[in-house]
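Architecture and fold: a report
Read off the chains here:
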Amino acid sequence: MKLATYTINHIVPRLGVVLDNHMIDLEDLAKIKKESLPSTMLDLIDLGLPEVARIQLLIDSLTAEEKSNCEYPLSNVTFLAPIPKPRKNIIGIGLNYTEHVAESARTLDTSNELPQQPVIFSKPPTTVTATNTEILHNTKLTQQLDWEVELAVIISKKGKYVSKADAMDYVFGYTVINDISARDCRRSGQWIVSKGQDTFAPMGPILVTKDEIPNPHNLNLSLKVNGVEKQNSNTKFMLFNINDLIEDLSTVFTLEAGDIIATGTPAGVGAGRNPQEWMWDGDVVEATVEGIGTIVNTVKEI
């Protein structure tokens, strides 16, 4: 199922299902079917994939007239981030593609040796923004604003000491994240100032449940700046795949429903180029993951 958090006329955030270029509104669906349905993405994730299946059955049972009373053309809606305000920090994974390790070692103060364990950092909930919004560039803090397209994994339920074999049982779905980074804001090897500024996690446009993506380890991902391709790779090149990450992270701390894991970026970031490239006021960046979609954001200097 393709799920979205959205607004119409910028009023109140609503939960919907994207279907055939339309948004099926779950509040309207609930009224038509005289059922109780979740009103937010986190509420839906808490209820789990069985609730997704129940919603699908309700949609399938709609008559043509009923459907017309709970759907809106996508051209009339504004997409918000699927989870506009996560309960916890986004879990970021650094240096998770071989070629990105190499390019980072050339230009940043990172090792050229492949990590033996996942490199973990975090991004506060206030980093989250939606597609078609602005990435705020605080020029007093950074002159090195960079891009990173990533596949994000949404956790479905509480898990501690999860094995690799069971890891996919803890996945609810996937979305796209652009892990915006201020390369000159790292402090003594710590990344949260570089990664954690407001609007530094554009996310969306939708959340795709895991049943729609049979193999998340073979998805193309790419990124463009002002229409010029900068990144193009595939999730099969991750050093630590989703199973590895869930096992490792759940050993360190308890994973919970609604947690978001940004799984790392491939080569092609601005810091790794010769000469280096950065984003500036008015630049438009598009991040795409196969099977999910594209998020588009514009840089705005503040």
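Below, the structure is looked at part by part. (Residues numbered from 1 in each chain as written. Predicted model: local features only at pLDDT ≥ 70, side-chain atom pairs only at ≥ 80, totals over all residues. Heavy atoms only, no water.)

Focus on the pairing of strand S3 (residues 22-25)
In this sheet, S3 lies alongside strand S2 (residues 14-19) in antiparallel orientation, the contact comprising four bridges. When the sheet's bridge partners are listed, Val-18 is paired in S3 with Met-23. Hairpin connection from S2 to S3: two residues lie between these consecutive antiparallel strands, with Asp-20 at a positive phi of about 55°. Two elements, S3 and strand S4 (residues 71-73), share three bridges in a ladder whose sense is antiparallel. Across the sheet, the residue bridging to His-22 is Pro-73, located in S4. (Pairing = 2+ DSSP bridges. Helix = DSSP H or I, 4+ residues; strand = E, 2+ residues; numbered from the N terminus.)

Points about the nonpolar core
Soluble, globular proteins show a tendency: their nonpolar side chains are buried together. If you look at the biggest cluster of nonpolar residues, it comprises 48 residues, and the most contacted ones within it are Tyr-174, Ile-242, Ile-246, Ile-261, Val-289 and Ile-292. Among all residues touching Ile-292, those that are not within four sequence positions of it are Leu-151, Tyr-174, Thr-175, Val-176, Gly-204, Ile-206, Val-208 and Ile-213. Counting 33 residues, the second-largest nonpolar core is a separate cluster that includes Met-1, Leu-15, Ala-201 and Ala-262. (Core = buried A, V, L, I, M, F, W, Y, C linked by side-chain atoms within 4.5 Å. Buried < 20%, exposed > 50% of the residue type's maximum accessible area, 1.4 Å probe, protein only. Contact = heavy atoms within 4.5 Å.)

Looking at the packing of aromatic side chains
Taken as a whole and judged by the stated rule, the model has one aromatic pair. Between Phe-121 and Trp-191, the ring centres sit 5.4 Å apart and the planes meet at 55°, which makes this aromatic pair tilted. Of this pair, Phe-121 sits in strand S7 (residues 119-123) while Trp-191 sits in the loop between strand S13 (181-182) and helix H6 (192-195), and the two are 70 residues apart along the sequence. When sorted by exposure, Phe-121 lands in the same class as Trp-191, which is buried. Seen from the ring of Tyr-170, Lys-157 lies directly overhead, with NZ or CZ sitting 4.7 Å from the centre. One Lys or Arg, Lys-160, reaches over the ring of Tyr-161 and ends 4.7 Å from the middle of that ring. (Phe/Tyr/Trp six-rings, centres within 6.5 Å; stacked < 30°, edge-to-face > 60°. Lys NZ or Arg CZ within 6 Å of the ring centre and 35° of its normal.)

Structural notes on the pairing of strand S19 (residues 293-301)
Note: strand S9 (residues 133-137) against S19, five bridges, orientation parallel. Along S19, the bridge assignment pairs Leu-136 with Lys-300. Bridge count between strand S18 (residues 284-289) and S19: six bridges; the pairing is antiparallel. Across the sheet, the residue bridging to Val-289 is Gly-293, located in S19. Connecting S18 to the next strand, S19, in antiparallel fashion are three residues, including Gly-291 with a positive phi near 85°.

Thoughts on helix H1 (residues 26-33)
Count 3.6 residues to each turn of an α-helix, and residues three or four apart come out pointing the same way. Buried within H1 are the following residues: Leu-26, Asp-28, Leu-29 and Ala-30. Contacts made by the buried residues of H1 are with S2, S3, helix H3 (49-60) and S4. The residue sitting at the N-terminus of H1 and contributing the capping side-chain oxygen is Asp-25; that oxygen lies 3.1 Å from the backbone nitrogen of Glu-27. (Polar contact = N/O pair within 3.5 Å; in protein donor to acceptor, adjacent residues only side chain to side chain.)

Observations concerning unusual backbone geometry
Look at the link from Gly-204 to Pro-205: it is a cis peptide, with omega at -5°. Structurally, Pro-205 is set in strand S14 (residues 201-209). Although it is not a glycine, Tyr-161 sits at a positive phi angle of roughly 55°. Topologically, Tyr-161 is positioned in the loop between strand S11 (149-155) and strand S12 (171-178). Within the chain, Thr-199 stands out as a residue other than glycine whose phi angle is a positive 70°.

With respect to the sheet that holds strand S16 (residues 228-234)
Taken in spatial order, the five strands line up as S9-S19-S18-S15-S16 in an open sheet, and their pairing is mixed. Here the strands that pair on one side only, and so sit at the sheet edges, are S9 and S16. Geometrically, the sheet is characterised by an average inter-axis angle of 20° between neighbouring strands, direction not taken into account. (Axes fitted to C-alpha atoms, helices over the stretch in contact; angles between N-to-C directions.)

Description of helix H7 (residues 242-252)
Within H7, eight of the 11 residues are buried, which leaves the element mostly enclosed by the surrounding structure. Buried within H7 we find Ile-242, Asn-243, Asp-244, Leu-245, Ile-246, Asp-248, Leu-249 and Ser-250. Among the structural elements, strand S6 (90-94), S7, S11, S12 and strand S17 (260-262) are those in contact with the buried residues of H7. Structurally, the start of H7 carries an N-cap: the backbone nitrogen of Asn-243 is 3.0 Å from a side-chain oxygen of Asn-241.

Things to note about the packing of H1 against H3
Taken N-terminus to C-terminus, the directions of H1 and H3 make an angle of 65°; their axes are 11 Å apart at the nearest point. Here H1 is positioned roughly perpendicular relative to H3, judged by the angle of their axes. For the element pair H1 and H3, the recorded crossing hand is left-handed. Of H3, the residues touching H1 (which contributes Leu-26, Leu-29 and Lys-33) are Ile-55, Leu-58 and Ile-59. A breakdown of the residues in the contact of H1 with H3 according to their chemical character gives five nonpolar, no polar and one charged. (Parallel < 35°, antiparallel > 145°, perpendicular 65-115°, else oblique. Left-handed = near helix turned anticlockwise from the far one by under 90°. Nonpolar A, V, L, I, M, F, W, Y, C, P; charged D, E, K, R; others polar.)

Points about the environment of Ile-292
Structurally, the position occupied by Ile-292 is in the loop between S18 and S19. The exposure class of Ile-292 is buried, given its relative accessible area of 6%.

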